[in-house]
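Summary of the model geometry
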Amino acid sequence: MPKKTRPTVRDVAALAGVSVATVSYVVNGRDNRIGADTRERVLAAVRDLGYVPNSSARGLRKRRTERVCLVIGSLGSPVQEQLVRDLHAAADADGYGVLTLIVDSPAHAAHAARLLRQGLADGAVFFDSARHFGDFGELARGRLAMVVVDNSVAPDGFDVVRTPEYEACGEALDHLLAAGRRRVAFLGHRHDLELGDRSARLTAYRDALRRHGLRPDGRLVGAGADSRVEGYRATAALMALPEPPDALFVASDRAAISAIWAVRDTGRTVPADVAVLGVGNLEEGSVIRPALSTVGQWQLDFSRVAGLLFERLAAAEPPAAREIVLPWSFIPREST
């Protein structure tokens, strides 16, 4: 049985009785000078033949892939999910598709950089992945439109979005310590512990203790913010110490919510026995009881991040590098 061939633009033109150029104008939305009858004949031929434009060929003609890439350290948290939704919404509005690359190591970063240099996408947003890359400028000089969400990278032919995590976390920790808490534990992401002094959340914790005349206790610092299960187990282990903490600073809201459950399961109360502070300002934190005190944006919204990328893509010439700040705040509630 002969293999069925894919219908071409010439097939559509022949069936509709028009030129190939006319078909191209109609299927690419540039048919304002084409009569309604002619346009309808072309669309009917497209439907009858099941014709689908060749996006690869169109991309070569336009020198565009009509794709953008999200380069992210991991997936699964509500914060990341909101970024994905906002980027997809902006891409849909401009007729782009979205690809996702998970970059959680230098080896994955090298592979991602190679794909982007080879033209995988027209633009990229880097979120929670910048620490694995070296020279972002090299990618930008390759005409890749870029937005990097990071507090340490300098803009260099691309836009940078900063989040004042250190300042907001410091304010929240000062609130805990000023209220008389003296054994404050830190449950961080694994990468917080790997980064050490380069982690804004861990550094804010250490500096706050010093400001209040306290020495960091290594037994009160560990991982536990990467998932709900880890948050529960790490908190249970802290509560089993001979001298358990009287406050927990947990580097993610989802793990902080699990920490509240773990504290309750030991017969203690929040915040009377143990205060709990999270990071991220997830909606779930406002409905748990007691409501979770947290640090983050008042409302999760990455539409400005996505907007920067598509402004770059729409510009005739690359705009100057921009730097913006997504405001973060300490949001006190009942758990502290």
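Residues numbered from 1 in each chain as written. Predicted model: local features only at pLDDT ≥ 70, side-chain atom pairs only at ≥ 80, totals over all residues. Heavy atoms only, no water.

1. Observations concerning unusual backbone geometry
Filter applied, for reference: The helix and strand labels rest on DSSP assignments: H or I over at least four residues marks a helix, E over at least two residues marks a strand, and numbering proceeds from the N terminus.
Omega for the peptide link from V270 to P271 comes to 5°, which places this bond in the cis form. Mapped onto the secondary structure, P271 falls in the loop between α12 (253–265) and β9 (275–277). Residue R289 is joined to P290 through a cis peptide bond whose omega torsion reads -5°. Despite not being glycine, E66 shows a phi value in the positive range, around 60°. The backbone of N281 sits at a positive phi, close to 55°, despite the residue not being glycine. With respect to the element layout, N281 can be found in the loop between β9 and α13 (283–287).

2. As for helix α6 (residues 106–117)
Keep this limit in mind: To estimate how far a helix should reach, multiply one less than its number of residues by 1.5 Å. In this scheme, a residue with accessible area under 20% of its type's maximum is buried, one over 50% is exposed, and one in between is partly exposed, where area comes from a 1.4 Å probe on protein chains only. Working note: the arc is built from the helix axis to C-beta atom directions. What makes two residues a contact is simply this: any of their non-hydrogen atoms within 4.5 Å.
Compared with the 16 Å implied by 1.5 Å per residue over 12 residues, the 16 Å span of α6 between its first and last C-alpha is a close match. For α6, the full list of buried residues reads A109, A112, A113 and L116. End-on, the buried residues of α6 take up no more than an arc of 100°, which puts them together on one face. Structurally, α6 contributes buried residues whose contacts are with β1 (67–72), β2 (97–102), β3 (123–127) and α7 (136–141). Downstream of α6 by one or two residues, G119 has phi in the positive range, about 95°.

3. With respect to the pairing of β1
Filter applied, for reference: Strands are treated as partners if at least two bridges between them are detected by DSSP.
Buried residues dominate β1, accounting for five of its six residues. With six bridges joining them, β1 and β2 adopt parallel strand pairing. Paired with R67 across the strands is G97, a residue of β2.

4. Considering the nonpolar core
Side chains of a nonpolar character, in soluble globular proteins, are inclined to be buried together. Here is the rule we go by: Among buried residues, those of type Ala, Val, Leu, Ile, Met, Phe, Trp, Tyr and Cys that are joined through side-chain atoms within 4.5 Å constitute a nonpolar core.
By size, the foremost hydrophobic cluster in this structure holds 43 residues, and its most contacted members are L173, Y205, L248, F249, V250, V276 and V295. For F249, the contacting residues outside a window of four places in its chain are C169, L173, A185, F186, L187, R201, Y205, L277, G278 and V279. Grouped together as the second largest cluster of nonpolar side chains are 26 residues, V68, Y96, V125 and I324 included.

5. Focus: the packing of aromatic side chains
The criterion, for reference: Two rings from Phe, Tyr or Trp (for Trp, the six-membered ring) form a pair when their centres sit within 6.5 Å of each other. Planes less than 30 degrees apart are called stacked, planes more than 60 degrees apart edge-to-face, and all others tilted.
Scanning the entire structure with this criterion turns up eight aromatic pairs. Measuring from centroid to centroid gives 5.7 Å for F127 and F302, while their planes differ by 80°, and the two rings are edge-to-face. One end of the pair, F127, is in strand β3; the other, F302, is in the loop between β10 (294–296) and α14 (303–314), with 175 residues separating them in the sequence. One exposure class covers both F127 and F302, and it is buried. Taking the centre distance of 5.6 Å and the plane angle of 50° together, the rings of F186 and F249 count as tilted. With F186 in strand β6 (residues 184–188) and F249 in strand β8 (residues 247–250), this pair connects stretches of sequence that are 63 residues apart. The two residues F186 and F249 agree in class, both being buried. Among the aromatic residues, those joined into a cluster by ring pairs are F126, F133, F136 and F158.

6. Thoughts on the packing of helix α1 (residues 9–16) against helix α3 (residues 36–49)
This is how the line gets drawn: Convention adopted: a line fitted to C-alpha atoms gives each axis, helices being fitted over their contacting stretch, and angles between N-to-C directions are expressed from 0 to 180 degrees. Between 65 and 115 degrees an angle is taken as roughly perpendicular, under 35 as roughly parallel, over 145 as roughly antiparallel, and anywhere else as oblique. Handedness of a crossing follows from how the near helix is turned relative to the far one, being left-handed for an anticlockwise turn of less than a right angle and right-handed for a clockwise one.
Contact pair α1 / α3: the axes reach a minimum separation of 9 Å and the direction vectors enclose 125°. For the element pair α1 / α3, the angle class is oblique. In this structure, the crossing between α1 and α3 has a hand that is right-handed. Seen from α1, the contacting residues are D11, V12, L15 and A16; seen from α3, they are R41, V42, A45, V46, D48 and L49.

7. Notes on the side chain of T336
Applied cut-off: Whenever two N or O atoms come within 3.5 Å, that pair is a polar contact, provided that in protein one can donate a hydrogen and the other can accept it, and provided that, for residues adjacent in sequence, both atoms are side-chain atoms.
Inspection of the secondary structure puts T336 in the segment after β12 (329–331). Of the polar contacts made by the side chain of T336, one reaches the side chain of S293; its length is 2.7 Å. Ignoring anything within four residues of it in the chain, the contact list for T336 reads H175, L176, P271, A275, V276, L277 and S293.

8. Re the side chain of R162
Counting through the fold element by element, R162 comes out in strand β5 (residues 159–162). In terms of polar contacts, R162 uses its side chain to reach the backbone carbonyl oxygen of D150, at 2.9 Å. A polar contact is formed between the side chain of R162 and the backbone oxygen of N151, at a distance of 3.3 Å. Apart from residues no more than four positions distant in its own chain, R162 is found in contact with D150, N151, S152, V153, A154, P155, E323, I324, V325 and L326.

9. As for the sheet that holds β8
One open sheet accounts for four strands, arranged β7-β6-β8-β9; its pairing is parallel. Each end of this open sheet is capped by a strand with a single partner; those strands are β7 (221–223) and β9. Each adjacent strand pair in this sheet contributes to an overall mean axis angle of 20°, direction not counted. With three bridges joining them, β6 and β7 adopt parallel strand pairing.

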